[in-house]
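Spelled out, the chains give:
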Amino acid sequence: MLGLMMDRQLTLATLARHAERNHARREVVSVTADHDRHRYTFAEALSRARRLSNVLTRLGAADDARIATMAWNDFRHLELYFGVSCSGRVLHTINPRLFAEQLSYIVNHADDEWIFFDIAFTAILEKIAPLCPRVKGYVAMTSQAHMPAHCTLPNLHCYETLLAHESDQCEWPEFDERRASSLCYTSGTTGHPKGVLYSHRSTVLHSYALALPDSANLSALDGILPVVPMFHVNAWGYPYAGMMVGAKLVFPGHRLSSPELLVDLISEEGVTIAGGVPTVWLPLLDYLRSSGRSIAPLNRTVIGGSACPLAMIEEFRDKHGVAVLHGWGMTEMSPVGVVNSPTSANICLTGEALAAQVVKQGRALPGVELKITDDDNRELPWDGESFGALKVRGPWICSEYYRLDGVSQAHGADGWFDTGDVATIDADGYVKITDRAKDVIKSGGEWISSLDLENVAMSHPAVRECAVVGMGHGKWQERPLLVVVAAQAIDKAELLNWFEGKVAKWWIPNDVLEVESLPHTATGKISKLELRRQLSAYRFPDDQA
Ligand code: AMP
C-alpha cells in the first residue's frame with residue numbers, strides 16, 4: 001500500500017520559492033571585481049535568477065543544456081546556481097585552477113553550451129576556446145563598463161546588459177526531482193577528471209541534512225561565509241542550505257585568500273559560520289595572531305577537505321571561542337558525509353581524551369550509510385581499532401560518473417561506493433580517516449597513519465605546514481618522511497623527539513626535510529603525489545640499501 005501524501009518533487013525551485021516568500025528581505029553581501037561590497041536581498045537575487053532563466057532561453061540554450069561557470073563566490077554566481085538549475089538546465093561549475101588540458105577536456109566532455117565567467121579568467125578561456133568549438137558563446141559576469149578590452153572570445157556578451165533587457169517574469173517548470181541540477185568534476189590525480197552529476201533531489205536532501213543541529217546547525221539567525229569556492233562541490237552546499245534557512249550569505253569573491261578581508265567580512269557582516277579547507281585558515285590564524293583582531297561574531301567553522309590539525313582546532317576554540325566542526329566528505333558525496341559534533345557521552349571530555357575525540361572526522365549524517373571492509377570485502381567491526389576501506393551509500397552519493405569511458409572501480413556491484421579512504425569507526429559511529437588508500441605507509445608489513453603523524457607535527461610551534469609521505473627504505477620497504485614548512489628555526493632531532501610518547505615508537509619518522517612550500521592541488525589540498533614526485537631522488541640517511 002502506498003502512502004497518501006502529496007508527491008511534490010524535491011527541486012531547487014521549491015527551496016527558491018520558500019526563500020522568496022519567507023526570507024525575502026534577507027541579505028546577500030558580496031565582494032566582486034566591480035563592487036567593494038555589493039548587497040541586495042534574497043528577493044532581488046531570485047528575481048535576477050528568473051531573468052537569467054529568460055536570458056538562457058533567449059540565447060537559445062537547450063532545455064537541458066550544460067551551462068558552465070568559471071567564477072568566484074559572489075552574488076552573480078548565486079544567481080546562476082538558481083537561475084540555471086531551476087530552469088531545468090545543468091550548472092557546470094569549473095575549477096579555474098585546473099590545467100588548460102583538463103579545462104578543455106571537461107568543457108568538451110560536459111558539452112557545455114555557454115560559459116559564464118569572471119573577467120579575471122578571460123585569458124584562461126581565450127587559451128582554451130579554440131579547443132572547445134561546440135561552446136556557443138561566453139558571458140562576462142560584469143557590467144558593460146568593466147567588460148574585458150580586446151577580448152578574442154567568440155560571441156561574447158555582458159551579463160548585466162543581458163539581464164537588464166530581460167523580464168523577471170518566469171514560472172520555473174515542474175519536473176522530476178531526479179533531474180540533473182549541477183555537475184562538478186573531481187580533480188583526480190590519475191586519468192581524466194571525472195564528472196559527478198548532482199540531481200535536484202540529492203541537492204535538496206543534502207541541504208536539509210546540512211542544516212540539522214548535529215550537522216552545521218544552520219538557521220535564519222546565521223551569517224554564512226563560504227570560503228570554499230563555489231566551483232568546489234557547490235561550495236559544500238552552503239548557498240542552497242543558506243537560502244533555504246534564510247541565513248545571511250556573505251561572499252568574499254576573488255579575494256577569498258585575503259585574511260584581512262575575511263576578518264573584515266566576519267566582523268562587519270555578522271558572520272557566525274564559515275567553511276573552508278585547512279589551508280585557508282592557516283593564514284587567517286597567522287593574521288589574527290599578528291594583528292590582535294577579533295572574529296567575535298564567528299562561533300563555528302566547518303573545516304574539511306583534508307584532515308584538520310588538532311593545533312588548528314585548539315587555536316580556534318581556545319583563543320577565539322570558535323568551535324571547529326570537523327567534517328569529511330568528497331565531490332562524489334555532495335560533499336558532506338560525516339561531521340564531528342558531540343554527544344552527551346563525550347561533551348564533557350577534557351585533555352588528551354578530548355584531543356583524541358576532536359581530530360576524528362565525525363559521525364554520519366542521517367541518510368549516509370558507512371562501512372569499513374578488509375581486502376576481501378568483509379565488513380570490519382566498529383571498534384575504533386580495525387581499519388579498512390571506507391565505503392558509503394545514500395541518496396546524495398553519486399551512483400556512477402557522468403559519461404565515464406570504461407568502468408569505475410569505485411562503484412561496487414553491491415551498491416556501495418568505495419571512497420578510496422582508509423578509516424576506523426568507533427562504537428559511537430565516529431569515523432577517523434587514517435589515510436587516502438594510496439598514501440598509506442607500509443613499514444615492515446605494518447600500516448602507519450600519515451594523518452596521525454601530521455597531526456602531531458602540526459602541534460609543534462615551529463611547524464607551519466607539513467606532510468608525511470612513505471619513502472622507499474631498503475630494510476623496511478617504506479618509512480615515513482616528515483616534510484615541513486617551518487614557522488621558525490627547526491631542530492630536526494628536537495622535532496623528532498616531539499613524537500616520543502605521542503605515537504608508537506616505530507611510527508616516528510626517520511627524517512625531517514625542510515622545504516620552502518608544499519605543492520597543493522587545484523582544491524587547496526597538499527598534493528602528496530606531486531610531493532613524492534619532487535622527492536623521487538630522496539634517500540633516508542639510515543638507508544644502506
Ligand atoms: P574532494 O572530492 O576533492 O573533496 O576530495 C575528497 C577527499 O578529501 C576524501 O576522499 C578524503 O581523502 C579527503 N578529505 C576530505 N575531508 C577530509 C577530512 N576531514 N580529513 C581527511 N581527509 C579528508
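What you see is a predicted model; the values in this text were computed from it and never measured.

About the cut-offs
- Residues numbered from 1 in each chain as written.
- Predicted model: local features only at pLDDT ≥ 70, side-chain atom pairs only at ≥ 80, totals over all residues.
- Heavy atoms only, no water.
- Helix = DSSP H or I, 4+ residues; strand = E, 2+ residues; numbered from the N terminus.
- Rg over C-alpha atoms; globule rule 2.2 N^0.38 Å.
- Buried < 20%, exposed > 50% of the residue type's maximum accessible area, 1.4 Å probe, protein only.
- Contact = heavy atoms within 4.5 Å.
- Areas by Shrake-Rupley, 256 points an atom, 1.4 Å probe, with all protein chains shown as cover.
- Lys, Arg positive; Asp, Glu negative; His and termini not counted.
- Charge placed at Lys NZ, Arg CZ, Asp CG, Glu CD.
- 1 Å grid on protein atoms, 1.4 Å probe; cavity = no way out; pocket = protein on both sides within 12 Å on 5 of 7 lines; lining within 4 Å.
- Points joined across faces, edges and corners; volume = space filled by probe spheres on them.
- Salt bridge = Lys/Arg side-chain N within 4 Å of Asp/Glu carboxyl O.
- Near = heavy atom within 4 Å.
- Polar contact = N/O pair within 3.5 Å; in protein donor to acceptor, adjacent residues only side chain to side chain.
- Domains from an automatic or database assignment.
- Buried area = accessible area lost by both parts, 1.4 Å probe.
- Pairing = 2+ DSSP bridges.
- Axes fitted to C-alpha atoms, helices over the stretch in contact; angles between N-to-C directions.
- Core = buried A, V, L, I, M, F, W, Y, C linked by side-chain atoms within 4.5 Å.
- Phe/Tyr/Trp six-rings, centres within 6.5 Å; stacked < 30°, edge-to-face > 60°.
- Lys NZ or Arg CZ within 6 Å of the ring centre and 35° of its normal.
- Parallel < 35°, antiparallel > 145°, perpendicular 65-115°, else oblique.
- Left-handed = near helix turned anticlockwise from the far one by under 90°.
- Nonpolar A, V, L, I, M, F, W, Y, C, P; charged D, E, K, R; others polar.

### Considering the overall build of the protein chain
Consideration 1: What the protein chain contains, in helices and strands, is 15 helices and 25 strands.
Consideration 2: Over its C-alpha trace the protein chain gives a radius of gyration of 24 Å, about what one expects of a compact globule, namely 24 Å for 545 residues.
Consideration 3: The principal-axis extents of the C-alpha atoms in the protein chain amount to approximately 70 × 65 × 50 Å.
Consideration 4: Residue burial in the protein chain is summarised as follows: out of 545 residues, 59% are buried.
Consideration 5: Partitioning the intrachain contacts of the protein chain with sequence separation of at least 6 by distance along the chain shows that 68% fall at a separation of at least 24.
Consideration 6: Accessible area for the protein chain stands at about 23,000 Å²; split by element, carbon and sulfur atoms hold 52% of it.
Consideration 7: Here the protein chain holds 51 positive side-chain charges and 65 negative ones, and the gap between their average locations is 2 Å.

### Describing the layout of surface pockets
Consideration 1: The computed volume of the second largest pocket comes to approximately 520 Å³.
Consideration 2: Forming the boundary of the second largest pocket are 16 residues, of which Leu310, Ala355, Ala356, Val456 and Lys502 lie nearest the centre.
Consideration 3: Among the elements of the structure, helix 11 (310–320), helix 12 (351–358) and helix 13 (450–458) are those that each provide at least two residues to the lining of the second largest pocket.

### Considering the pattern of salt bridges
Consideration 1: A full pass over the atoms with the stated rule returns 38 salt bridges.
Consideration 2: Between Asp111 and Arg403 there is a salt bridge, and its shortest N-O distance comes to 3.5 Å. Of the two residues, Asp111 sits in the loop between helix 4 (100–110) and strand 5 (112–117) while Arg403 sits in the loop between strand 18 (387–393) and strand 19 (417–425), which places them 292 residues apart along the sequence.
Consideration 3: Judged by relative accessible area, Arg403 falls into the partly exposed class, the value being 41%.
Consideration 4: Three or more residues joined by partner-sharing salt bridges are found here, namely Glu27, Arg37, Arg39, Lys248, Glu268 and Glu269.

### Notes on the site of the ligand
Consideration 1: For the ligand, the set of nearby residues contains 15 residues, the closest of which are Gly327, Thr331, Asp421, Arg436 and Lys525.
Consideration 2: Here an oxygen atom of the ligand and a side-chain polar atom of Thr331 are 2.6 Å apart.
Consideration 3: Here an oxygen atom of the ligand and a side-chain polar atom of Asp421 are 2.6 Å apart.
Consideration 4: Considering the ligand on its own, with 500 Å² of exposed area, one finds that the protein chains cover 89% of that surface.

### Section: the domain arrangement of the protein chain
When the parts of a complex come together, some accessible area is lost, and that lost area is often used as the size of the interface.
Consideration 1: Domain parsing of the protein chain yields domain 1 (19–164 + 171–256), domain 2 (368–436) and domain 3 (441–534).
Consideration 2: If you average the C-alpha positions of domain 2 and of domain 3, the two centres end up 26 Å apart.
Consideration 3: Taken together, the contact between domain 2 and domain 3 spans five residues of the former and eight residues of the latter.
Consideration 4: For the pair domain 2 and domain 3, the summed buried surface comes to about 430 Å²; carbon and sulfur atoms form 47% of the total.
Consideration 5: It is Phe387, Thr434 and Asp435 that lose the most area in domain 2 upon contact with domain 3, and together they represent 71% of the buried surface on that side.

### So, the sheet that holds strand 10 (residues 223–226)
Consideration 1: The nine strands lie next to each other as 2-1-11-10-12-13-14-15-16, forming an open sheet whose pairing is mixed. Each of the sheet's edge strands pairs with one partner strand only, and the pair in question is strand 2 (35–41) and strand 16 (363–364).
Consideration 2: The pairing of strand 1 (residues 27–32) with strand 11 (residues 248–251) spans three bridges and is classified as parallel. Bridged to Val29 within strand 11 is Val250.
Consideration 3: Docked against the sheet, helix 2 (residues 42–58) engages strand 1, strand 2 and strand 11, running at close to 90° with respect to strand 2.

### Remarks on the nonpolar core
Consideration 1: One finds Leu78, Phe82, Phe116, Leu218, Met243 and Leu390 to be the most contacted residues of the largest nonpolar core, which totals 88 residues.
Consideration 2: No fewer than three residues from each of domain 1 (19–164 + 171–256) and domain 2 (368–436) sit in this core.
Consideration 3: Among the nonpolar cores identified, the runner-up in size contains 82 residues, and Val31, Val227, Ala355 and Ile448 belong to it.

### Details of the packing of aromatic side chains
Consideration 1: Counted according to the given criterion, the structure contains nine aromatic pairs.
Consideration 2: Seen in terms of ring centroids, Trp72 and Phe231 are 5.7 Å apart; in terms of plane orientation they differ by 55°. Their pairing is tilted. Of this pair, Trp72 sits in the loop between strand 3 (66–70) and helix 3 (75–86) while Phe231 sits in the loop between strand 10 and helix 8 (238–245), placing them 159 residues apart in sequence.
Consideration 3: Classification of Trp72 by relative accessible area gives buried; the value is 12%.
Consideration 4: When the centroid spacing of 5.2 Å and the interplanar angle of 35° are considered together, the rings of Tyr81 and Tyr240 count as tilted. Placement of Tyr81 in helix 3 and of Tyr240 in helix 8 is noted, with a sequence separation of 159 residues between them.
Consideration 5: A relative accessible area of 0% places Tyr81 in the buried class.
Consideration 6: Aromatic rings pair up to connect Trp72, Phe121 and Phe231 into one cluster.
Consideration 7: Over the face of the ring belonging to Tyr401 we find Lys194, whose NZ or CZ atom lies 5.3 Å from the ring centre.

### What to know about the environment of Ala62
Consideration 1: Relative to the assigned elements, Ala62 resides in the loop between helix 2 and strand 3.
Consideration 2: Placed 439 residues apart in sequence, Ala62 and Gly501 show a C-alpha to C-alpha distance of 63 Å.
Consideration 3: Apart from the residues lying within four places of it in its own chain, the contact partners of Ala62 are Arg89 and Glu113.

### Structural notes on the packing of helix 1 (residues 12–22) against helix 8
Consideration 1: In the contact formed by helix 1 and helix 8, the axes pass within 7 Å of each other and the chain directions differ by 45°. Overall, the two elements helix 1 and helix 8 adopt an arrangement that is oblique. When the axes of helix 1 and helix 8 are compared, the crossing they make is left-handed. Across the interface between the two elements, Leu12, Leu15, His18 and Ala19 from helix 1 touch Tyr240, Met243 and Met244 from helix 8.
Consideration 2: Grouping the amino acids of the contact of helix 1 with helix 8 by side-chain chemistry returns six nonpolar, one polar and no charged.

### Concerning the sheet that holds strand 5
Consideration 1: Reading across the sheet, the seven strands line up as 7-6-5-3-4-8-9 and stay open at both edges, with mixed pairing between neighbours. A strand with exactly one partner marks an edge of an open sheet, and here the two such strands are strand 7 (156–158) and strand 9 (194–199). Recorded for the sheet is a direction-independent mean angle of 25° between the axes of neighbouring strands.
Consideration 2: Sheet topology note: the strand 4 (residues 90–93)/strand 8 (residues 180–186) ladder contains two bridges and is parallel. When the bridges of strand 8 are listed, His92 appears paired with Leu183.

### Observations regarding the side chain of Ser341
Consideration 1: In this fold, Ser341 is placed in the loop between strand 15 (336–339) and helix 12.
Consideration 2: A polar atom in the side chain of Ser341 sits 2.9 Å from the backbone oxygen of Asp214.
Consideration 3: The contact partners of Ser341, leaving out residues within four places of it in the chain, are Asp214 and Tyr430.

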